[in-house]
Amino acid sequence: PQYRVMKRFVETGAVSAIYVWHPDRLYRSLRDLEDLVDMVEEFSLVICTVKAGTIDLATPSGRMVARIIGSAARFEVEHTAERIAHKNRELAAQGLPGPGSHRPIGYEADRVTIKEDEAHAIRVAAQALLDGQSLAHVNRRFHEMLNRPKLTKYLLHFVLTNPRTAGRRLYIPAAERRRGNITGTI
């Protein structure tokens, strides 16, 4: 969002120079760089960096250097993503928890040790559904047992059907998540 704000300042003439720490802080893809080249040409913009000096996007050699730096930055982003994906697949294959911001319901903070009061509530909720009780009723009872704010019935459904709840590790590659495929592999 701040990049779009900066572009508006450039387009209105309020900004004639951009100062950044490093070129890869200014543009993250070659597509972004080409837009920046267009802005430099149209608005006589000067680009200066703390770590790489002035980048003269008005000359062929300056654009070449910027493109090389951009290609190297893109490589690093893709390479890092590849390493992270490999590590997540490795953890999944070993049945170990992956990185995440939330503690799964039914597990302690280490994401491995069972939190017995929550696990018991999950078992009771699952059995109640199998016995024919409504999801809304089970949801209310579940949260009463745990003395916690009520989850939506859809989240309780997710908890009860998630392989993670049964101690299985689910791995969904990022490309599959972007396509909306959440079945993953176990």
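Can you break down the pairing of strand 2 (residues 46-49) residue by residue, with the values?
Where strand 1 (residues 17-20) meets strand 2, four bridges bridge the pair, whose relative direction is parallel. Among the inter-strand pairings, isoleucine 18 is bridged to a residue of strand 2, identified as isoleucine 47. Relative to strand 3 (residues 53-55), strand 2 is paired through three bridges, and the arrangement is antiparallel. Looking across to strand 3, one finds that isoleucine 47 is bridged to isoleucine 55. A loop of three residues connects strand 2 with strand 3, the two strands running antiparallel in sequence.

Can you tell me about helix 5 (residues 116-130), naming the residues and giving the values?
Under the 1.5 Å per step criterion, the end-to-end length of helix 5 is 21 Å for 15 residues, consistent within 8% with the ideal 21 Å. Among the residues of helix 5, Glu118, Ala119, Ala121, Ile122, Ala125 and Ala128 are the ones counted as buried. Note on helix 5: the residue one or two positions beyond its end, glycine 132, has a positive phi of about 100 degrees.

Let's hear about the side chain of threonine 49: which residues, and what values?
You can see threonine 49 is positioned in strand 2. Since its relative accessible area comes to 10%, threonine 49 is described here as buried. There is a polar contact of 2.7 Å between the side chain of threonine 49 and the backbone nitrogen of alanine 52. Look past the residues within four positions of threonine 49 in its chain and what remains in contact with it is Val20, Trp21, His22, Pro23 and Ile55.

An account of the layout of surface pockets is requested, with residue identities and associated values reported.
Quantified by volume, the largest pocket comes out at close to 1100 Å³. Around the largest pocket sit 33 residues that line it, and Arg111, Phe158, Asn162, Leu170 and Ile172 are the ones nearest its centre. Those elements that place two or more of their residues in the lining of the largest pocket are helix 4 (60-93), helix 7 (153-161) and helix 8 (174-178). Its residues assigned to classes, the lining of the largest pocket shows 20 nonpolar, eight polar and five charged.

Reading guide: rules and limits
- Residues numbered from 1 in each chain as written.
- Predicted model: local features only at pLDDT ≥ 70, side-chain atom pairs only at ≥ 80, totals over all residues.
- Heavy atoms only, no water.
- Pairing = 2+ DSSP bridges.
- Helix = DSSP H or I, 4+ residues; strand = E, 2+ residues; numbered from the N terminus.
- Expected span 1.5 Å × (residues − 1).
- Buried < 20%, exposed > 50% of the residue type's maximum accessible area, 1.4 Å probe, protein only.
- Polar contact = N/O pair within 3.5 Å; in protein donor to acceptor, adjacent residues only side chain to side chain.
- Contact = heavy atoms within 4.5 Å.
- 1 Å grid on protein atoms, 1.4 Å probe; cavity = no way out; pocket = protein on both sides within 12 Å on 5 of 7 lines; lining within 4 Å.
- Points joined across faces, edges and corners; volume = space filled by probe spheres on them.
- Nonpolar A, V, L, I, M, F, W, Y, C, P; charged D, E, K, R; others polar.

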